[in-house]
Amino acid sequence: MYDLIIIGAGPAGYTAALEASYRNKSVLLIEKNELGGTCLNVGCIPTKSLLKKSEDYYNARKSKDFNININDSFYKNLMDDKSSVVEKQKKGIEYLLKKAKVKYIKGIATLVDEHCVSVDGVEYNGEFILLATGSSPLIPKIDGIENAIFSDEILSMDYSKIDDIIIIGGGFIGVEIATIFTNLEKRVIIVEAQDRLLTNMDQDVSSSVKRVLKKDGCTVLLNSKVTKIEKDGIYIDDKKIEASTILCAIGRVSNTKDVDPLSLIEKDRGSIVVDSEFKTNIKNIYAIGDCINSYKLAHYASSLAIYSVNNMFNTITNIQIKNVPSCVYTNSEIATVGESECDDDVCIKHSLISNARCIINDESRGFIKLIFRKDGYFKGASINCSRASDMITIFVSALNNHYNIDDMLKDIYPHPSFSEGIKDSLVEVKHKFDSMYT
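Rules used in this analysis
Residues numbered from 1 in each chain as written. Predicted model: local features only at pLDDT ≥ 70, side-chain atom pairs only at ≥ 80, totals over all residues. Heavy atoms only, no water. Pairing = 2+ DSSP bridges. Helix = DSSP H or I, 4+ residues; strand = E, 2+ residues; numbered from the N terminus. Axes fitted to C-alpha atoms, helices over the stretch in contact; angles between N-to-C directions. Parallel < 35°, antiparallel > 145°, perpendicular 65-115°, else oblique. Left-handed = near helix turned anticlockwise from the far one by under 90°. Contact = heavy atoms within 4.5 Å. Nonpolar A, V, L, I, M, F, W, Y, C, P; charged D, E, K, R; others polar. Polar contact = N/O pair within 3.5 Å; in protein donor to acceptor, adjacent residues only side chain to side chain. Expected span 1.5 Å × (residues − 1). Buried < 20%, exposed > 50% of the residue type's maximum accessible area, 1.4 Å probe, protein only. Salt bridge = Lys/Arg side-chain N within 4 Å of Asp/Glu carboxyl O.

### Observations concerning the pairing of strand β1 (residues 2–7)
The pairing of β1 with strand β6 (residues 122–131) spans five bridges and is classified as parallel. When the sheet's bridge partners are listed, Ile 6 is paired in β6 with Leu 130. As paired elements, β1 and strand β2 (residues 27–31) share four bridges and run parallel to each other. Pairing of Ile 7 across the sheet is with Ile 30, part of β2.

Given below as structure tokens:
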């Protein structure tokens, strides 16, 4: 009997396997597709690789020092580089699992009972079972949806054959894919049913993203509901908009159906129901990551892996899972954490127009938005500039440590750097507090 059986080898699953092995537990890790899950194979990692290479081209054609053109070899190198990145990380994960003596098998796993899992007809027993089965693209009920492709497919297509694309959905997936294609000088149209892009983020972030995309040639249609999809376009009510490629990117749904054919686990709208320790209705079966109704983010999933494994085996971890950063990897990155502003909050939006690194990178529209409670304690932040995904951790730490403005002003930031914009924004907040109480 294994100490822990894990179904799903994405960021949640393989991180849990490594954490348990570090605790000297015997672990069986099972994956039906590819090691690394959606994130590594058809999600975060290939998308960011394509974003990086397309941004290199975007920056080169903006510069007066270069005269470059896209050709077939460029597109081949684009995809080859993406595949190379994926394979290198996959080999790295394989090495770590082998070093940790995690038993890894490929196959379709199903729950038999509270201690037993069947993999292609072979049964395995474990003291604990962890479900980390991930998610898949949401397929909406739209007439002609079979004519659309989804995010899993778009990352491996021949972009030399795509001249124009309609993206249904203005969330982070849609916005990142739109950025890749606008960088490559393709005709791009985003169709979003809500009144703004990135509806789960700050209004200023949404406005900035829309402005940049439009500046780079992307058409953004808000408050627009797709009623029909054809091979050569979509309908919004009775108006047809044509394009050679239609991408549907309106969200993701939990993968739970195949793993639980006996319906042993309680679910809500397809996602597994868990308690505060990520236990299911069966006490020795846990669930984490995209298969539960929570943030569908790889870094959150891997944090839950450490948290839940330590709960299983009554060991101690100091990891915090409350304050979860969200990032969008457009050319000028976006990162947010914490709560939205309320009427009584002290809020500033600090422009990075004078930041030396932003000037060097030609990012005059960057900003840092900070929210504090009126008692001086930090509440939330949004960043829009290069390296935002690296800088946001400073604010995650501030929330976890319950810092006030004076606590946050103690640190020294390097110059020139994007991060010194944090210092300047904090100074602006401090001046605002001082003026309120003098």
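From this point, things continue past the structure.
### Observations regarding the packing of helix α1 (residues 11–22) against helix α4 (residues 72–99)
The contact between α1 and α4 brings their axes to 10 Å, and the two run at 30°. For the element pair α1 / α4, the angle class is roughly parallel. As for how α1 packs across α4, the hand of that crossing is left-handed. Contacts between α1 and α4 involve Tyr 14, Ala 17 and Leu 18 on the former and, on the latter, Gln 89, Ile 93, Leu 96 and Leu 97. Here the contact of α1 with α4 is built from residues that sort into six nonpolar, one polar and no charged.

### What about the environment of Ser 21?
Among the structural elements, Ser 21 can be located in helix α1. Linking Ser 21 and Ala 100, residues 79 residues apart in sequence, is a C-alpha distance of 5.9 Å. Not counting residues up to four positions away in its chain, the partners in contact with Ser 21 are Val 27, Ala 100 and Val 102. Here Leu 18 takes part through its backbone oxygen, which lies 2.7 Å from a polar atom of the side chain of Ser 21.

### What to know about the sheet that holds strand β8 (residues 149–150)
Strand pairs in the sheet, formed through backbone hydrogen bonds, run parallel or antiparallel to each other. Strand order in the open sheet formed by five strands is β8-β15-β9-β10-β11, with parallel pairing between adjacent strands. Each edge of the open sheet is held by one strand with a lone partner, namely β8 and β11 (219–221). Strand direction decides the pairing type here: β8 and strand β15 (residues 245–248), joined by two bridges, are parallel. Bridge pairing links Ile 149 to Leu 247 in β15.

### A closer look at α4
Every α-helix winds through 3.6 residues per turn, so residues three or four apart in the chain are directed the same way. Taking 1.5 Å per residue as the helical rise, α4 with its 28 residues ought to reach 40 Å, and the 41 Å between its terminal C-alpha atoms agrees with that figure. Considered for burial, the residues of α4 that qualify are Tyr 75, Leu 78, Met 79, Lys 82, Val 86, Lys 90, Ile 93 and Leu 97. Looking at the packing, one finds that the buried side of α4 touches α1, β2, α2 (37–42) and α3 (44–62).

### Points about the pattern of salt bridges
Per the counting criterion, the structure on display carries 29 salt bridges. The salt bridge partner of Lys 90 is Glu 87, with a shortest N-O separation of 3.7 Å. Of this pair, Lys 90 and Glu 87 both sit in helix α4, separated by three residues, roughly a single helical turn. Assessed through its relative accessible area of 7%, Lys 90 is described here as buried. Between Asp 152 and Arg 252 there is a salt bridge, and its shortest N-O distance comes to 3.8 Å. Placement of the pair is Asp 152 in helix α5 (residues 151–154) and Arg 252 in strand β16 (residues 252–254), with a sequence separation of 100 residues. According to the relative accessible area criterion, Asp 152 is partly exposed, its value standing at 28%. Given a relative accessible area of 18%, Arg 252 falls into the buried group. Through salt bridges that share partners, Asp 202, Asp 204, Glu 341, Lys 349 and Lys 369 make up one connected network.

### Section: the sheet that holds strand β12 (residues 226–230)
Taken together, three strands build an open sheet; the order of strands is β12-β13-β14 and the sheet is antiparallel. At either end of the open sheet lies a strand with only one pairing partner, and these are β12 and β14 (239–242). When strand polarity is set aside, the average angle formed by the axes of neighbouring strands in this sheet is 25°. With four bridges connecting them, β12 and strand β13 (residues 233–236) associate as antiparallel partners. Counterpart to Val 226 in the pairing with β13 is Ile 236.

### Observations concerning the environment of Glu 114
The topology assignment puts Glu 114 in the loop between β4 (109–113) and β5 (116–119). Spatially, the C-alpha atom of Glu 114 lies 9.8 Å from that of Ile 265, the residues being 151 residues apart in sequence. Look past the residues within four positions of Glu 114 in its chain and what remains in contact with it is Ile 129, Ile 282, Asn 284 and Ile 285.

### Description of the pairing of strand β23 (residues 367–372)
Where burial is concerned, most of β23 is hidden: six out of the six residues are buried. Neither face of β23 is left uncovered, since the one carrying Phe 367, Lys 369 and Ile 371 and the one carrying Ile 368, Leu 370 and Phe 372 both have all their residues buried. Here strand β22 (residues 346–351) runs beside β23; their pairing, made up of six bridges, is antiparallel. Of the residues in β23, the one forming a bridge with Val 346 is Phe 372. Sheet analysis places β23 next to strand β24 (residues 378–384), joined by six bridges and oriented antiparallel. What sits directly across from Phe 367, in β24, is Asn 384. Count of turn residues in the β23/β24 antiparallel hairpin: five residues, of which Gly 376 carries a positive phi of about 95°.

Such coordinate-based values are descriptive only and should not be taken to indicate function.
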